[in-house]
Amino acid sequence: MSNKELVKAAFDAMGKAYAPYSGYTVGAALLGKSGTLYTGCNVESASYSPTNCAERTAFFKAISEGEREFSKIAIVGGKNGNVTDMFMPCGVCRQVMAEFCDEDFEIIVALTHDDFKSFTLKELLPFGFSKNNIVVD
Ligand code: THU
């Protein structure tokens, strides 16, 4: 799947966002190495802390369907559906990416369907903490 197609899927997912408190609607489209696409949106809560970001919605959908390896994710977001900047993933979502993805995992952030750029996970989470840093018996 091309980056442009993945960006389109992220825009479509943004339309499903449940964000009555912040007004920020976010969509993510995650491509598994199997070729399966998993989309996600942010889901907010009246008690705020249960809120789940779009990226983690996509990851948790994928993991719960048995996908464990990923090649890239596209992310879009903005206030009330207006995308005015490239929406960068929060630190918690970067940490979840580090749990399941290699350093070269591609993170695509988009302003429009045709204006997007890519980062690697290593660029967005340098010197990160991961399972390689702990020994589990
Ligand atoms: N949000 C995401 O969906 N992804 C991020 O990486 C950062 C923030 C959502 C959470 C909340 O619903 C809204 O954006 C404002 O923080």
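Everything that follows concerns the structure shown earlier in this document.
All of the points below concern the structure found in this document.

Cut-offs used in this document
Residues numbered from 1 in each chain as written. Predicted model: local features only at pLDDT ≥ 70, side-chain atom pairs only at ≥ 80, totals over all residues. Heavy atoms only, no water. Buried < 20%, exposed > 50% of the residue type's maximum accessible area, 1.4 Å probe, protein only. Helix = DSSP H or I, 4+ residues; strand = E, 2+ residues; numbered from the N terminus. Pairing = 2+ DSSP bridges. Right-handed = clockwise from strand over helix to strand, strands pointing away. Axes fitted to C-alpha atoms, helices over the stretch in contact; angles between N-to-C directions. Parallel < 35°, antiparallel > 145°, perpendicular 65-115°, else oblique. Left-handed = near helix turned anticlockwise from the far one by under 90°. Contact = heavy atoms within 4.5 Å. Nonpolar A, V, L, I, M, F, W, Y, C, P; charged D, E, K, R; others polar. Near = heavy atom within 4 Å. Polar contact = N/O pair within 3.5 Å; in protein donor to acceptor, adjacent residues only side chain to side chain. Areas by Shrake-Rupley, 256 points an atom, 1.4 Å probe, with all protein chains shown as cover.

Two faces belong to every sheet, and in a regular strand the side chains alternate between them. With 8 of its 10 residues buried, strand β3 (residues 70-79) lies for the most part within the structure. In this sheet, β3 lies alongside strand β1 (residues 24-32) in antiparallel orientation, the contact comprising 9 bridges. Looking at β3, one finds that Val26 is bridged to Gly77. Bridge analysis of β3 against strand β4 (residues 106-110) gives 4 bridges, and the strand direction is parallel. Following the sheet pairing, Lys72 is matched in β4 by Glu106. Note on the crossover from β3 through helix α3 (residues 91-100) to β4: the handedness is right-handed.

Two elements in contact, helix α2 (residues 54-64) and α3, have axes separated by 9 Å at closest approach and are oriented at 25°. Here α2 is positioned roughly parallel relative to α3, judged by the angle of their axes. Along this stretch, α2 crosses α3, giving a crossing that reads as left-handed. Here Glu55, Arg56, Phe59, Phe60 and Ile63 of α2 lie close against α3, whose contacting residues are Val92, Cys93, Val96, Met97 and Phe100. Partitioned by chemical class, the residues of the contact of α2 with α3 number 8 nonpolar, no polar and 2 charged.

Moving on, we come to the site of the ligand. Every residue close to the ligand is listed here: Ser22, Tyr24, Val26, Asn42, Glu44, Thr51, Cys53, Ala54, Glu55, Phe87, Pro89 and Cys90. Within the side chain of Glu44, one N or O atom sits 2.5 Å away from an oxygen atom of the ligand. A distance of 2.9 Å is found between an oxygen atom of the ligand and a backbone nitrogen or oxygen belonging to Ala54. Here the ligand, which alone exposes 380 Å², has 81% of that area covered by the protein. Residue assignment for the shell around the ligand shows that the elements contributing at least two residues are β1 and α2. Tallied by class, the residues present in the shell around the ligand amount to 7 nonpolar, 3 polar and 2 charged.

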